Amino acid sequence: MKKVSIATTIAAAIILGACNGNTNSTSTTDSTNTMSSSSDTGMNTMNNSDTSHATVSQDAVNFVQEAASGGMMEVQLGNIAQKNSNNKAIKDYGKMLADDHSSANDKLKDIASKKNITVPNTVTSDQQNKIDKLSKETGTAFDKDFISMAVDDHQNDIDKFKKAEDNIQDPDLKDFIAKTLPTLQKHLDKAKEINKKM
């Protein structure tokens with residue numbers, strides 16, 4: 001009998017303790033869950049950025065992706081200029097674009113790879129529309145549209161690179177930007193010079 005009553009007493013104590021503790025443990029559990037889920041989220045964010053972007057900022061990721069697709073477009077336009085133009089200055093300019101942007105693209109891909117940033121394999125739909133439009137033109141019509149686009153695109157690129165130079169902290173990307181800006185300026189100056197002579 002004593003064994004039964006002791007067992008019953010212990011069971012009752014456990015049940016009562018569980019019932020009484022439920023209210024307190026709920027809020028404790030809730031706050032623990034909240035804390036753990038928010039710290040888990042923080043950890044996941046950190047882990048994701050470590051894995052996919054090697055601690056670079058979202059601005060840096062956006063810059064790399066935009067610069068990569070812009071560079072690919074410039075290479076394609078440079079190649080089209082060498083085929084579709086009869087003007088030697090524009091053919092030479094097209095070759096310079098293709099060569100310089102190919103080299104810059106390779107450097108950017110190398111940096112992106114080290115930082116686990118995914119670089120696009122294709123240009124944007126807007127860029128593809130520009131490529132498609134110019135690829136259908138030849139002669140003087142091509143020359144005018146191509147040079148006009150080259151001036152606008154390089155001015156926009158320079159503005160974006162300068163903004164990125166101010167906002168991005170990653171030393172490798174800052175170095176890439178600093179080394180690429182003079183090339184973009186050279187392209188813009190040459191495009192303006194050709195444009196004046198047309």
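Keep in mind that this is a model prediction, so the values were computed, not measured. (Residues numbered from 1 in each chain as written. Predicted model: local features only at pLDDT ≥ 70, side-chain atom pairs only at ≥ 80, totals over all residues. Heavy atoms only, no water.)

### Some words on the layout of surface pockets
(1) Moving on: Counted as a void, the largest pocket has a volume near 550 Å³.
(2) Moving on: Every residue lining the largest pocket is counted, 30 residues in all, and those nearest its centre are Glu66, Ala67, Asp157, Lys160 and Phe161.
(3) Moving on: Listing elements by their share of the lining of the largest pocket, those giving two or more residues are α2 (58-84), α3 (88-114), α4 (125-135), α5 (139-167) and α6 (171-197).
(4) Moving on: In terms of residue class, the lining of the largest pocket is built from ten nonpolar, twelve polar and eight charged.
(5) Moving on: In this model, the second largest pocket occupies a volume close to 230 Å³. (1 Å grid on protein atoms, 1.4 Å probe; cavity = no way out; pocket = protein on both sides within 12 Å on 5 of 7 lines; lining within 4 Å. Points joined across faces, edges and corners; volume = space filled by probe spheres on them. Helix = DSSP H or I, 4+ residues; strand = E, 2+ residues; numbered from the N terminus. Nonpolar A, V, L, I, M, F, W, Y, C, P; charged D, E, K, R; others polar.)

### Observations concerning the confidence of the model for the chain
(1) Moving on: Per-chain confidence: the chain averages 81 in pLDDT, with 73% of residues scoring 70 or above.
(2) Moving on: Confidence drops under pLDDT 50 across residues 1-53; counting only partners more than four residues distant or on other chains, this segment forms 15 contacts. (pLDDT = per-residue confidence, 0-100. Contact = heavy atoms within 4.5 Å.)

### Re the packing of aromatic side chains
(1) Moving on: Following the criterion strictly, the structure yields four aromatic pairs and no others.
(2) Moving on: Here the aromatic rings of Tyr93 and Phe146 are separated by 6.0 Å at their centres, their planes lie at 70°, and the arrangement is edge-to-face. Taken as a pair, Tyr93 in helix α3 and Phe146 in helix α5 lie far apart in primary sequence, 53 residues in all.
(3) Moving on: According to the relative accessible area criterion, Phe146 is buried, its value standing at 1%.
(4) Moving on: Geometrically, the ring pair formed by Phe161 and Phe176 is tilted, given 6.2 Å between the ring centres and 40° between the ring planes. Here Phe176 lies in helix α6 and Phe161 lies in helix α5, a separation of 15 residues in the sequence.
(5) Moving on: An aromatic cluster of at least three residues, connected via ring pairs, comprises Phe63, Phe161 and Phe176. (Phe/Tyr/Trp six-rings, centres within 6.5 Å; stacked < 30°, edge-to-face > 60°. Buried < 20%, exposed > 50% of the residue type's maximum accessible area, 1.4 Å probe, protein only.)

### Considering empty space enclosed by the protein
(1) Moving on: Evaluated as defined, the whole model comprises one cavity of 30 Å³ or more.
(2) Moving on: Empty space within the largest cavity amounts to approximately 40 Å³.
(3) Moving on: Those elements that place two or more of their residues in the lining of the largest cavity are α2 and α3.
(4) Moving on: With three residues, α3 is the single largest residue contributor to the lining of the largest cavity.
(5) Moving on: When grouped by side-chain class, the residues that make up the lining of the largest cavity number five nonpolar, one polar and one charged.

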